[in-house]
Amino acid sequence: MAEMAPIDSILSFSIPAKHCRGRVVRLGPVLDDILGAHDYPPAIRDILAEAVCLTAMLGALLKDEDAQLTLQAQTEAGVINLLACDYKDGALRGYVEFDRERLASQPVEPSLMALFGKGYLAITFDQPAPRGRNQGIVPLEGASLAEAVQNYFFQSEQIPTLIRVAIDESDGKVVAGGLLVQHLPDGEDGRERLHVRLDHPEWEHVEIMGGSVKPTELTEPALPLEEILWRLFSESDEVRLLSGKPCVKGCRCNEDHIRDVIARFPKEDKDDMVDEQGNIAIDCAFCSKTFTITGASLNN
Ligand SMILES: [Zn+2]
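Everything numeric in this text was worked out from a predicted model, so none of it was measured.

Chemist: Before we move on, can you summarise the coordination of the zinc ion with the specific residues and values?
Modeler: Protein coordination at the zinc ion comes from Cys251 (SG), Cys253 (SG), Cys284 (SG) and Cys287 (SG), with a distance range of 2.2 to 2.3 Å. Each of the four donor atoms bound to the zinc ion contributes to angles spanning 104 to 117°, and the resulting shape is tetrahedral. In primary-sequence terms, the residues that donate to the zinc ion follow C-x1-C-x30-C-x2-C. Separated by 33 residues along the polypeptide, cysteine 251 in the loop between β11 (248–249) and α9 (255–263) and cysteine 284 in strand β12 (residues 280–284) bring together distant segments of the chain.

Structure (structure tokens):
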């Protein structure tokens, strides 16, 4: 396999002897694209960068290119009202709705609890039939979003999983790196998984090795993703590289698509949406863009 560019890409791998699979990712320019559409304070930039990195790793678990992974964090009374990200075939997007004034009264590096209050994390895998849609919801607890996603796999799926995410903004540009490793005793396409007991000697070894990854290894733009895996695992086990995938910022908000969607609305709904000039304005929260669909193109 050709070496993956060490930035804006995801590498899938397995450790066959330990019945583990994993994903390692590093994102740079794609994050600048996603974050650059908004005027976010540093704490919001960091949490969204972490969320996009997690979304990339979870999305890369999907086999089908028509499948979509959505990660949403919601709260009842948090500084952040909603954080939403999704992944489809290497395309990533995300945004955060938050209360700027309340954020200003928080410390510079607010805790997850301070940002979300009593929150929930929803992870949705949308796959073509026969798999269909599968959503898991867990309380937003722990020190980080990464930890909450790790808990999701334990609680909703009973899959022992290790997740690490690191964010670096030291050069004025944001770089996020992540590692996900999980134990699937029945192999990658897992039939019924029997993880009712949580003692897995072969997993514990991988968990320790994977957990030793340094944040700087995850975010160093020049360090190839393969190299991280060799450093962590290859001394004891064979690591098999499965596939690499570039990541881009992707949104479905082009004007033709929006016009098609609106065209399918019932006439009463369209009448409600039209402004005094006879146009419909649609906002894309992901891109901070407003699309104006003119009246003339709505009448067919
Ligand atoms: Zn958009």
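Having seen the model, we can carry on.
Chemist: Provide a residue-level description of unusual backbone geometry, including the pertinent values.
Modeler: Proline 130 follows alanine 129 through a cis peptide bond whose omega is 5°. Residue placement: proline 130 occurs in the loop between β6 (119–126) and β7 (133–139).

Chemist: I'd like a description of the nonpolar core, backed by residues and values.
Modeler: Within the largest apolar cluster, 70 residues are counted, with the highest numbers of intra-cluster contacts made by Leu27, Leu83 and Leu121. The element contributing the most residues to this core is helix α2 (residues 42–59), with twelve residues. Residue contacts for leucine 121: discarding those within four places in its chain leaves Leu71, Gln72, Ala73, Gly136, Ile137, Val138, Leu140, Leu145, Ala148 and Val149. Judged by nonpolar contacts, the second largest core, of 20 residues, contains Leu11, Val24, Leu162 and Val239.

Chemist: Lay out the packing of helix α1 (residues 29–36) against α2 in plain terms, naming residues and giving numbers.
Modeler: It is the contact of α1 with α2, at a shortest axis distance of 11 Å, that shows an interaxial angle of 130°. For the element pair α1 / α2, the angle class is oblique. Crossing of α1 over α2 shows right-handed handedness. Here α1 contributes Leu31, Ile34 and Leu35 to the contact with α2, which in turn contributes Arg45, Leu48, Ala49 and Val52. Taken together, the residues that form the contact of α1 with α2 break down as six nonpolar, no polar and one charged.

How each quantity is defined
- Residues numbered from 1 in each chain as written.
- Predicted model: local features only at pLDDT ≥ 70, side-chain atom pairs only at ≥ 80, totals over all residues.
- Heavy atoms only, no water.
- Donors = N, O, S within 2.8 Å, 3.2 Å for Na, K, Ca; no water.
- Tetrahedral: all angles 85-135°; square planar, octahedral: opposite > 155°, others 65-115°.
- Helix = DSSP H or I, 4+ residues; strand = E, 2+ residues; numbered from the N terminus.
- Core = buried A, V, L, I, M, F, W, Y, C linked by side-chain atoms within 4.5 Å.
- Buried < 20%, exposed > 50% of the residue type's maximum accessible area, 1.4 Å probe, protein only.
- Contact = heavy atoms within 4.5 Å.
- Axes fitted to C-alpha atoms, helices over the stretch in contact; angles between N-to-C directions.
- Parallel < 35°, antiparallel > 145°, perpendicular 65-115°, else oblique.
- Left-handed = near helix turned anticlockwise from the far one by under 90°.
- Nonpolar A, V, L, I, M, F, W, Y, C, P; charged D, E, K, R; others polar.

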